[in-house]
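This is what each chain is made of:
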Amino acid sequence: MELMFKIKCPGGENPDLFINRKGYYSLNIQVVSDAKGKILVIVARWRDSAHDSRIWNECLLKRRFASEEINGILLGDNGYPCS
């Protein structure tokens, strides 16, 4: 699941990178839970303009699935590639 959280201007050299399509600063946060609702991972370091598939490609959980450390099926929306 992707969540968008409004934030204050982060400052730095390129704060405009955190401005979303609605015109305010925000973060794109990925939250993954199991079938029982237990949160497996929260990734909260990407600006809102980061695409969901990029966040997934960089996520430790993806590597855990790929190495078969976690066995199962992960459901996502169309922002995530089938793999």
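Preceding this section is the structure that the text describes.
All values derive from a computational prediction rather than experimental measurement. (Residues numbered from 1 in each chain as written. Predicted model: local features only at pLDDT ≥ 70, side-chain atom pairs only at ≥ 80, totals over all residues. Heavy atoms only, no water.)

### Observations regarding the overall build of the protein
Within the protein, the secondary structure is distributed over two helices and three strands. The order of α-helices and β-strands along the protein, N terminus first, is β-β-β-α-α. Out of the 83 residues in the protein, the part that is buried amounts to 25%. Pairs at least 24 apart in sequence give 33% of the contacts found in the protein among residues at least 6 apart. Looking at the protein, you have 12 positive and 10 negative side-chain charges, and the mean spots of the two groups are 4 Å apart. (Helix = DSSP H or I, 4+ residues; strand = E, 2+ residues; numbered from the N terminus. Buried < 20%, exposed > 50% of the residue type's maximum accessible area, 1.4 Å probe, protein only. Contact = heavy atoms within 4.5 Å. Lys, Arg positive; Asp, Glu negative; His and termini not counted. Charge placed at Lys NZ, Arg CZ, Asp CG, Glu CD.)

### Notes on the environment of I55
Secondary-structure assignment places I55 in helix α1 (residues 52-57). Take I55: its relative accessible area is 1%, and that puts it in the buried class. With 14 residues separating them along the chain, I55 and E69 place their C-alpha atoms 20 Å apart. For I55, the contacting residues outside a window of four places in its chain are N28, Q30, V43, W46 and A50.

### Some points on the packing of aromatic side chains
Inspection of every chain in the model, using the stated rule, returns zero aromatic pairs. Over the aromatic face of Y24 sits the side chain of K6, whose NZ or CZ is 5.0 Å from the ring centroid. (Phe/Tyr/Trp six-rings, centres within 6.5 Å; stacked < 30°, edge-to-face > 60°. Lys NZ or Arg CZ within 6 Å of the ring centre and 35° of its normal.)

### Topic: the pairing of strand β3 (residues 39-47)
Of the strand pairs in this sheet, strand β2 (residues 26-33) and β3 are connected by six bridges, and their pairing is antiparallel. Of the residues in β3, the one forming a bridge with S33 is I39. In sequence, β2 turns back onto β3 through a hairpin of five residues, with G37 there showing a positive phi of about 90°. (Pairing = 2+ DSSP bridges.)

Function cannot be read off these values alone, since they describe shape.
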